[in-house]
Amino acid sequence: MKICTGIAPVNIAVIKYWGKKDEKLILPMNDSISGTLSTDEMHAKTSVALSPDFTEDKLWLNGKEVSIHQPRVAVCLSELRKLAQQKKSGGDMVHWKMHICSENNFPTAAGLASSAAGYSCLVFTIAHALGLDSSQVSHIARQGSGSACRSMFGGFVRWRALPSELEGKQSDGEESEDLRRKQSEASNAEQIISEAYWGSMRVIILVVNDQAKSTSSTDGMQRTTLTSTLYTHRVHTVVPERCERMETALNEKDFATFAQLTMQDSNQFHACCLDTYPPIVYMNDTSHAVVRFVHEFNTVAGGTKVAYTFDAGPNACLYLLEDSVPLLLSTLVQYFPASSEISVPYVRGLKYSTTPS
Ligand code: PMV
């Protein structure tokens, strides 16, 4: 029997992924960029046991046995086994069944990137058990949950959409299968800024509501791509240029530009959700109060010291530099006293971060 345990981090996008070109392979409509958080506080943990004596694959999520046949879990397992066979890695273990236990130490499906950490951890840990290079399997994590491919690396990470030369019509047959394999392998994540390069970067998460969101990102994305005209403008005109400016800001450690682009991108993503028909609303009144708070804080501070960003939920993620943390936290406590909707125990100062381990 072989047993491996892995821990993987959450990532928070500063240029958002929203919308798929291919539902099954999870090929995104646009490039996205995220910061990976430290595993110190929020993480997913997966243990996998492989044995020639097991008669079937099994999966436990947060202590409860669930079906291993969920399509996205099944595809990750079969792709990892296929790759191990191709690379002649893992020996007989590729034929052994596995028992997998996975848990998150923070709320699931509340727009806090739980599926990103979860799938990245699952793929990372199994890859490790089968002797595969974990830096080469982000395209497999992507097929579990798109944004999971970015949690395979620390620092700032860019997930690339399909290059135009690989966009092609799908048809049946061997040729099409080959094209799909090439497409899948081409849309992967890579680290663009190491964790050490901008080591003073911090992320604080304000949990406004830790209940599961009402519209899943899968449903939301489908509806937005079909109905929002603002979204078409975002994908084709705004994001390509914004990703290049974001990479430059990161390389130059230009916090003001980084922060402005991050806030603008979050605002446009949520504007596209509102432009979806019927509209999707992820942010609530408290989220909007956090937006006002950040802009007021930056005005009083005399420069852009903090950036907010919101994923598919009401919870705020604040990016800031280490030296702004004390003032931000003390001002925040005054602005949102203990009786406010923000749940203070969840205010977490996080370093950004580590690769899975
Ligand atoms: O990977 P998913 O299906 O959970 O989608 C994530 C979408 C956002 O979190 C809203 C944006 C992003 O890039 O992480």
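Since the model is a prediction, treat every value here as computed from it, not as a measurement.

## So, the overall build of the protein
Inference 1: Secondary structure summary: the protein contains nine helices and 15 strands in total.
Inference 2: For a compact globule of 357 residues, the expected C-alpha radius of gyration is about 21 Å, and the protein comes in at 20 Å, within 12% of that figure.
Inference 3: Its C-alpha atoms put the protein at 65 × 40 × 40 Å along the principal axes.
Inference 4: When contacts within the protein are restricted to residue pairs at least 6 apart in sequence, those whose partners lie at least 24 apart make up 78%.

## Side note on the packing of helix α6 (residues 229-251) against helix α7 (residues 255-275)
Inference 1: Where α6 meets α7, the closest approach of the two axes is 10 Å, and the angle between their N-to-C directions is 165 degrees. One element, α6, and the other, α7, form an angle in the roughly antiparallel class. The way α6 lies across α7 gives a crossing that is left-handed. Residues Thr 229, Leu 230, Tyr 231, Arg 234, Val 238, Arg 242, Arg 245, Met 246, Ala 249 and Leu 250 of α6 form the contact with α7, whose own contacting residues are Thr 257, Phe 258, Leu 261, Asp 265, Gln 268, Ala 271, Cys 272 and Asp 275.
Inference 2: Across the contact of α6 with α7, the residue classes tally to 10 nonpolar, three polar and five charged.

## Section: helix α5 (residues 217-227)
Inference 1: Buried residues of α5: Ser 217, Gly 220, Met 221 and Thr 224, and no others. Down the axis, α5 shows its buried residues gathered within 100 degrees of arc, on one side only. For α5, exposure combined with an orientation more than 90 degrees from the buried face picks out Asp 219 and Leu 226.
Inference 2: Residues of α5 that are buried make contact with β3 (20-22), α6 and α7.

## Let's talk about the nonpolar core
Inference 1: Ranked by internal contacts, the top residues of the largest apolar core, which has 93 residues, are Leu 80, Val 123 and Leu 318.
Inference 2: Per-element tally for this core: the top contributor is helix α2 (residues 114-129), with 10 residues.
Inference 3: Looking at this core, you find at least three residues from each of domain 1 (2-193) and domain 2 (201-351).
Inference 4: Setting aside anything within four residues of it in sequence, one finds Leu 318 in contact with Val 203, Ile 204, Leu 206, Val 306, Ala 307 and Tyr 308.

## A short note on the site of the ligand
Inference 1: What surrounds the ligand is a group of 13 residues, the closest being Ala 13, Tyr 17, Gly 146, Ser 147 and Asp 311.
Inference 2: In terms of residue class, the shell around the ligand is made up of five nonpolar, six polar and two charged.
Inference 3: Domain assignment of the residues forming the shell around the ligand places at least three in each of domain 1 (2-193) and domain 2 (201-351).

## Concerning the sheet that holds strand β11 (residues 189-193)
Inference 1: One open sheet accounts for four strands, arranged β2-β5-β10-β11; its pairing is antiparallel. Looking at strand neighbours, the two that pair on one side only are β2 (11-15) and β11, the edges of this open sheet. In this sheet, adjacent strand axes meet at a mean angle of 35 degrees when their direction is disregarded.
Inference 2: Bridge analysis of strand β10 (residues 156-159) against β11 gives four bridges, and the strand direction is antiparallel. By the bridge assignment, Trp 159 is partnered in β11 with Ala 189.
Inference 3: Sitting on the sheet, α6 touches β2, β5 (32-36), β10 and β11, and the angle it makes with β2 is about 115 degrees.

## Digging into unusual backbone geometry
Inference 1: Of note, the bond from Tyr 277 into Pro 278 is cis; its omega dihedral lies within 30 degrees of zero at -10 degrees.
Inference 2: The topology assignment puts Pro 278 in the loop between α7 and α8 (285-301).
Inference 3: Despite not being glycine, Asn 62 shows a phi value in the positive range, around 45 degrees.
Inference 4: Note that Asn 62 resides in the loop between β7 (58-61) and β8 (64-66).
Inference 5: Positive phi outside glycine occurs at Lys 253, with the angle close to 50 degrees.
Inference 6: Relative to the elements of secondary structure, Lys 253 occurs in the loop between α6 and α7.

## Details of the domain arrangement of the protein
Inference 1: Per the domain assignment, the segments of the protein are domain 1 (2-193) and domain 2 (201-351).
Inference 2: The distance between the C-alpha centroids of domain 1 and domain 2 comes to 25 Å.
Inference 3: Those elements that place two or more of their residues in the side of domain 1 that touches domain 2 are β2, β5 and β11.
Inference 4: The element contributing the most residues to the side of domain 1 that touches domain 2 is β2, with four residues.
Inference 5: Of the residues contributing to the side of domain 1 that touches domain 2, the split by class is 16 nonpolar, five polar and five charged.

## Some details on the sheet that holds strand β9 (residues 97-104)
Inference 1: Taken in spatial order, the five strands of this open sheet run β1-β6-β9-β7-β8, and their pairing is mixed. Lying at the two open borders of the sheet, with one neighbouring strand each, are β1 (2-9) and β8. Here the average twist between neighbouring strands, direction ignored, is 20 degrees.
Inference 2: Where strand β6 (residues 43-51) lies against β9, eight bridges are found, and the strand directions are antiparallel. Bridge pairing links Leu 50 to Met 98 in β9.
Inference 3: Of the strands in this sheet, β1, β6 and β9 touch α2, which is tilted by about 145 degrees from β1.

Thresholds, definitions, all that
Residues numbered from 1 in each chain as written. Predicted model: local features only at pLDDT ≥ 70, side-chain atom pairs only at ≥ 80, totals over all residues. Helix = DSSP H or I, 4+ residues; strand = E, 2+ residues; numbered from the N terminus. Rg over C-alpha atoms; globule rule 2.2 N^0.38 Å. Contact = placed C-beta atoms within 7 Å. Axes fitted to C-alpha atoms, helices over the stretch in contact; angles between N-to-C directions. Parallel < 35°, antiparallel > 145°, perpendicular 65-115°, else oblique. Left-handed = near helix turned anticlockwise from the far one by under 90°. Nonpolar A, V, L, I, M, F, W, Y, C, P; charged D, E, K, R; others polar. Buried ≥ 20, exposed ≤ 12 C-beta atoms within 10 Å, placed from the backbone. Arc of directions from axis to C-beta. Core = buried A, V, L, I, M, F, W, Y, C linked by C-beta atoms within 7 Å. Domains from an automatic or database assignment. Near = placed C-beta within 6 Å. Pairing = 2+ DSSP bridges.

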